[in-house]
Amino acid sequence: MKIINVVGARPNFVKIAPIQRALTASGKFDVRLVHTGQHYDAAMSDVFFKDLGIPSPDVSLDVGSGSHAKQTAEIMTRFEEILIREKPDRVLVVGDVNSTLACSVAAAKLNVPVAHVEAGLRSYDRTMPEEINRMVTDTLSDRLFTTEPSGRANLLKEGKPDSQIFFTGNVMIDSLVYAKPALERSTVLSTLGLAKDEYAVVTLHRPNNVDQEADLKRMLGILKTVARSLRVVFPVHPRTRKNLERIGAMSDLTSAGVIITEPLGYIDFIRLIRSAKAVLTDSGGIQEETTFLGIPCLTLRTHTERPITVTEGTNTLLPTDSAVVEAAVRSILDGKYKKGRIPDLWDGQAAKRIVKVLTDA
Ligand code: UD1
């Protein structure tokens with residue numbers, strides 16, 4: 001069976017790595033990897049291929065950045081040509097980025113079956129571009145691989161047949177388990193002059209947190225408050241950096257003692273959060289990685305599409321209010337924060353289960 005795996009943006013690389021490995025190891029698939037080029041910087045793309053042992057893409061579409069419509073349309077146009085040329089039996093997409101949506105639509109229109117890994121997650125907030133991407137991709141897919149029970153419940157509510165839904169676990173955790181030996185070799189803590197449990201890691205890149213000046217300034221206020229009780233390390237996403245520079249806030253952060261870095265590679269980033277006292281984020285995947293590692297995660301959003309990280313894991317949703325975040329950090333420092341448990345099937349074997357389903361189909 002010829003299968004095209006699609007990646008485009010940073011979180012996709014982490015998800016595709018174990019699937020690519022398991023599909024190849026099964027010996028039953030002719031696997032092609034297409035990189036749309038949605039993310040193109042070395043720090044946002046190349047380092048992940050290296051850190052996760054992903055083979056070079058068979059095809060690079062080199063679409064780059066653009067408005068949602070432009071980027072999506074460009075990916076669809078270029079991917080359609082690949083589909084016509086390669087004639088795959090199936091396309092596999094992961095996550096919820098624009099590349100996921102664009103390639104699902106292009107494939108479905110040519111009657112190529114689509115498999116979606118990380119299906120059924122819903123924030124029920126359609127102002128998030130990812131929510132639209134998730135809904136459309138799931139509608140078009142006939143193999144829906146879920147990471148947590150909410151995924152199946154959401155998909156059934158939307159009328160998807162139970163026979164197309166497979167609870168296979170979390171491939172992001174497969175990557176984490178795979179990377180364990182390499183974590184020991186990372187020198188990121190000594191390079192940044194940090195010691196275990198003495199710092200918090202911050203990541204911010206959601207458009208509704210960083211694109212408008214007022215929202216971004218509220219975030220900066222929170223960071224400065226946290227920096228009074230813990231060292232703060234902030235690897236800055238390109239979108240966020242552009243906005244911080246536009247309002248001239250970079251020096252403001254460094255003078256508050258915040259350690260600013262470029263986006264980190266996978267191994268260094270996981271090593272950094274594994275030894276952190278706390279993580280503050282608006283990312284989706286980091287909510288899951290911290291739950292697996294047992295690290296307190298304060299998510300600066302009003303809802304999450306990954307509710308199990310809150311109900312079973314170490315995640316808490318917080319409003320963007322300095323006093324509320326400060327109180328949460330205090331409870332972590334006082335040892336009063338919840339401990340959490342690792343959700344079912346977050347065990348490093350998800351990709352194998354996915355491949356079994358694809359093989360049996
Ligand atoms: C995308 C995903 C988001 C994911 C995030 C992880 C969508 C709608 N969003 O958001 O779900 O959580 O990736 O990082 O697909 N840029 C660079 N270099 C790069 C990539 C981007 O400088 O390699 C800059 C460009 O100025 C670009 C901006 O970042 O315009 C935003 O990139 P884009 O891919 O549109 O969305 P992200 O915010 O990265």
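Residues numbered from 1 in each chain as written. Predicted model: local features only at pLDDT ≥ 70, side-chain atom pairs only at ≥ 80, totals over all residues. Heavy atoms only, no water.

(A) Highlighting the overall build of the protein. Within the protein one finds 17 helices and 13 strands. Against the globule reference of 21 Å for 361 residues, the protein gives a C-alpha radius of gyration of 20 Å, in line with a compact fold. With the C-alpha coordinates of the protein rotated into their principal frame, the extents come out at 55 × 40 × 40 Å. Expressed as a percentage of its 361 residues, the buried residues of the protein come to 57%. Accessible area for the protein stands at about 14,300 Å²; split by element, carbon and sulfur atoms hold 53% of it. Here the protein contributes 46 positively and 43 negatively charged side chains, and the mean placements of these two sets differ by 2 Å. (Helix = DSSP H or I, 4+ residues; strand = E, 2+ residues; numbered from the N terminus. Rg over C-alpha atoms; globule rule 2.2 N^0.38 Å. Buried < 20%, exposed > 50% of the residue type's maximum accessible area, 1.4 Å probe, protein only. Areas by Shrake-Rupley, 256 points an atom, 1.4 Å probe, with all protein chains shown as cover. Lys, Arg positive; Asp, Glu negative; His and termini not counted. Charge placed at Lys NZ, Arg CZ, Asp CG, Glu CD.)

(B) View of helix 5 (residues 129–140). Here helix 5 contains 12 residues, and its C-alpha end-to-end distance of 17 Å stays within 8% of the 16 Å for a straight helix at 1.5 Å per residue. Taken residue by residue, helix 5 has E130, E131, N133, R134, M135, T137 and D138 as its buried positions. Buried-residue contacts for helix 5 involve strand 4 (90–94), helix 4 (98–109), strand 5 (114–117), strand 6 (143–146) and helix 6 (149–157). (Expected span 1.5 Å × (residues − 1). Contact = heavy atoms within 4.5 Å.)

(C) Main features of the pattern of salt bridges. On inspection of all chains with the given rule, the structure shows 32 salt bridges. D30 is paired through a salt bridge with R32; the nearest N and O atoms lie 3.0 Å apart. In this structure D30 comes out as partly exposed when scored by relative accessible area, which is 32%. The structure contains a network of salt bridges with shared partners spanning K15, D96, E118, E131, R134, E288, R301, E305 and R306. (Salt bridge = Lys/Arg side-chain N within 4 Å of Asp/Glu carboxyl O.)

(D) Examining the sheet that holds strand 9 (residues 231–235) more closely. As summarised here, the arrangement of the six strands in space is 10-9-8-11-12-13, forming an open sheet in which the pairing is parallel. At either margin of the open sheet sits one strand with a lone partner, and together these are strand 10 (259–261) and strand 13 (315–317). Adjacent strand axes in the sheet meet at a mean angle of 20°, parallel and antiparallel pairs treated alike. The pairing of strand 12 (residues 297–299) with strand 13 spans three bridges and is classified as parallel. (Pairing = 2+ DSSP bridges. Axes fitted to C-alpha atoms, helices over the stretch in contact; angles between N-to-C directions.)

(E) Representation of the packing of aromatic side chains. With the rule as written, the count across this model stands at three aromatic pairs. A centroid spacing of 6.2 Å and a plane angle of 40° characterise the contact between F13 and F48, whose relative ring orientation is tilted. With F13 in helix 1 (residues 10–26) and F48 in helix 2 (residues 42–52), this pair connects stretches of sequence that are 35 residues apart. Between F145 and F166, the ring centres sit 5.8 Å apart and the planes meet at 35°, which makes this aromatic pair tilted. Here F145, found in strand 6, pairs with F166, found in strand 7 (residues 165–167); they are 21 residues apart in sequence, far enough to count as distant. Its relative accessible area of 23% is what places F166 among the partly exposed residues. Here the aromatic residues F13, F48 and F49 are joined through ring pairs into a cluster of three or more. R21 extends its terminal NZ or CZ atom over the ring of Y178, reaching a point 3.6 Å from the ring centre. (Phe/Tyr/Trp six-rings, centres within 6.5 Å; stacked < 30°, edge-to-face > 60°. Lys NZ or Arg CZ within 6 Å of the ring centre and 35° of its normal.)

(F) Spatial organisation of the packing of helix 1 against helix 7 (residues 171–183). In the contact formed by helix 1 and helix 7, the axes pass within 7 Å of each other and the chain directions differ by 80°. Comparing their axes, helix 7 and helix 1 come out roughly perpendicular. For the pair formed by helix 1 and helix 7, the contact residues are V14, K15, A17, P18, I19 and R21 on the first element and V171, M172, D174, S175 and Y178 on the second. Considering only residue class, the contact of helix 1 with helix 7 consists of seven nonpolar, one polar and three charged. (Parallel < 35°, antiparallel > 145°, perpendicular 65-115°, else oblique. Nonpolar A, V, L, I, M, F, W, Y, C, P; charged D, E, K, R; others polar.)

(G) Representation of the site of the ligand. Near the ligand, the surroundings consist of 21 residues, among which Q38, H39, E130, R239 and K242 are the closest. The backbone of N98 places a nitrogen or oxygen atom 2.8 Å from an oxygen atom of the ligand. Contact distances for the ligand include 2.7 Å between an oxygen atom and a side-chain N or O atom of R239. Only helix 1, helix 3 (68–86), helix 5 and helix 11 (238–246) provide two or more residues apiece to the shell around the ligand. Of all the elements, helix 11 adds the most residues to the shell around the ligand, at three residues. Here the residues of the shell around the ligand sort into seven nonpolar, eight polar and six charged. (Near = heavy atom within 4 Å. Polar contact = N/O pair within 3.5 Å; in protein donor to acceptor, adjacent residues only side chain to side chain.)

(H) Spatial organisation of the pairing of strand 5. Here strand 5 shows no split at all, with V114 and H116 on one side and A115 and V117 on the other all buried. Each parallel crossover has a hand, and the one from strand 4 via helix 4 to strand 5 is right-handed. Sheet analysis places strand 5 next to strand 6, joined by three bridges and oriented parallel. Of the residues in strand 6, the one forming a bridge with H116 is L144. As for the winding sense of the linkage, the β-α-β connection from strand 5 through helix 5 to strand 6 is right-handed. (Right-handed = clockwise from strand over helix to strand, strands pointing away.)

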